[in-house]
Structure formats: C-alpha cells, structure tokens
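# A closer look at the structure
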Amino acid sequence: QVQLVESGGGLVQAGGSLRLSCAASGGTFSRYAMGWVRQAPGKEREFVAIISRSGGTTYYGNSVKGRFTISRDNAKNTADLQMNSLKPEDTAVYYCAARTGVTTTLEYDYWGQGTQVTVSS
C-alpha cells in the first residue's frame, strides 16, 4: 500500500509560481509512474501531468503545457510539480497519484488527499 502526501499549496497572485511536492511511503517508489490531477469547484477531475518511473518520459495536459514542470527524485521518494505563470483558472485541489504505467487518463492505483491551490486575479 502506497501512501501519498501533498504539500506546497496555497494562495498566489496571477502570474506567480508555486511548487507542489508529493512524498510517498509504504511501497517501492521507483515502481510507479507519478501523476498530478486537479479538480476545480463544480468541475470534473482534469489530468495535469505524469512522469514515468525513471523520469525520462513526461506528459502534460494542454492547459498547463509550457507552464508546469513535473519532476521526481527516486532517492527521496518525492514527485514535484513546478507551476509557473499561474492563472486564476488553475485554481483547484491538486492531487498526487501513482500508477504502474504512464497514461494521460485519470486511472490511478493510489491517491493523495489533495492540496488547495488558489490563484487570485
């Protein structure tokens, strides 16, 4: 059983940056692709980014491409999401998730509890 804990959310002005971090425990971190999914109020969950087990492959949702960067550190069991040029429409709860293969779907084996990101205009 893998446990995922997100941190780094908060309130930021439009155009600003935030870095989210996901700490994993309870499993072999390097066995899992790590992803970030977000959900805005009243909207469905949305794929944000995913990184392969080795970190060599990444995919991004169209709405964040060029602004967000996903990374991982298999020695520290962490996966980060660097978010730049934030927009009010990026406001959402951001979830860290783990699965055994790379995909842009929302199907994951493990989920964190989420961290709130609020971008003010």
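These remarks concern the structure in this document.

What counts as what
- Residues numbered from 1 in each chain as written.
- Predicted model: local features only at pLDDT ≥ 70, side-chain atom pairs only at ≥ 80, totals over all residues.
- Heavy atoms only, no water.
- Pairing = 2+ DSSP bridges.
- Helix = DSSP H or I, 4+ residues; strand = E, 2+ residues; numbered from the N terminus.
- Axes fitted to C-alpha atoms, helices over the stretch in contact; angles between N-to-C directions.
- Buried < 20%, exposed > 50% of the residue type's maximum accessible area, 1.4 Å probe, protein only.
- Salt bridge = Lys/Arg side-chain N within 4 Å of Asp/Glu carboxyl O.
- Phe/Tyr/Trp six-rings, centres within 6.5 Å; stacked < 30°, edge-to-face > 60°.
- Lys NZ or Arg CZ within 6 Å of the ring centre and 35° of its normal.
- Polar contact = N/O pair within 3.5 Å; in protein donor to acceptor, adjacent residues only side chain to side chain.
- Contact = heavy atoms within 4.5 Å.

Moving on to the sheet that holds strand 8 (residues 78-83). Read from one edge to the other, the open sheet built from four strands follows the order 1-3-8-7, with strand pairing classed as antiparallel. Strands at the two margins of the open sheet, each flanked by one partner only, are strand 1 (3-7) and strand 7 (68-73). Neighbour-to-neighbour, the strand axes of the sheet open up by a mean angle of 15 degrees, direction not taken into account. Pairing of strand 3 (residues 18-25) with strand 8 involves six bridges; the strand directions are antiparallel. From the neighbouring strand, Leu 20 faces strand 8, where its bridge partner is Leu 81.

The next subject is unusual backbone geometry. Here the phi dihedral of Asn 77 falls at roughly 60 degrees; this positive angle occurs in a residue that is not glycine. When you line up the elements, Asn 77 lands in the loop between strand 7 and strand 8. A relative accessible area of 24% places Asn 77 in the partly exposed class. Here the phi dihedral of Ser 85 falls at roughly 50 degrees; this positive angle occurs in a residue that is not glycine. Its place among the elements puts Ser 85 in the loop between strand 8 and strand 9 (92-99).

Turning our attention to the pattern of salt bridges. Tallied over the entire structure, the rule returns four salt bridges. Two residues, Asp 80 and Arg 19, come together in a salt bridge whose shortest N-O distance is 3.2 Å. In this pair, Asp 80 is assigned in strand 8 and Arg 19 in strand 3, connecting sequence segments 61 residues apart. When its relative accessible area of 14% is taken as the criterion, Asp 80 is described as buried. Note on Arg 19: relative accessible area 43%, which makes it partly exposed. As a salt-bridge pair, Arg 38 and Asp 90 come within 2.9 Å of each other at their nearest N and O atoms.

Turning to the packing of aromatic side chains, a few remarks are in order. Using the criterion set out here, one finds three aromatic pairs in the structure. With a centroid separation of 5.8 Å and 85 degrees between ring planes, the pair formed by Tyr 32 and Tyr 110 is classed as edge-to-face. Of this pair, Tyr 32 sits in the loop between strand 3 and strand 4 (33-39) while Tyr 110 is found in strand 10 (residues 110-111), placing the two residues 78 residues apart along the sequence. Take Tyr 32 and Tyr 110: they sit in the same class, and that class is buried. The positively charged end of Arg 45 is found above the aromatic ring belonging to Tyr 95, 4.2 Å away from the centroid. Here Arg 45 stacks its cationic end above the ring of Trp 111, 4.5 Å away from the centre of that ring.

Inspection of the secondary structure assignment puts Arg 67 in the loop between strand 6 (58-60) and strand 7. You can call Arg 67 buried: its relative accessible area is 12%. Polar side-chain contacts of Arg 67 include one of 2.9 Å to the backbone oxygen of Ser 85. Not counting residues up to four positions away in its chain, the partners in contact with Arg 67 are Gln 82, Met 83, Asn 84, Ser 85, Leu 86, Lys 87 and Asp 90.

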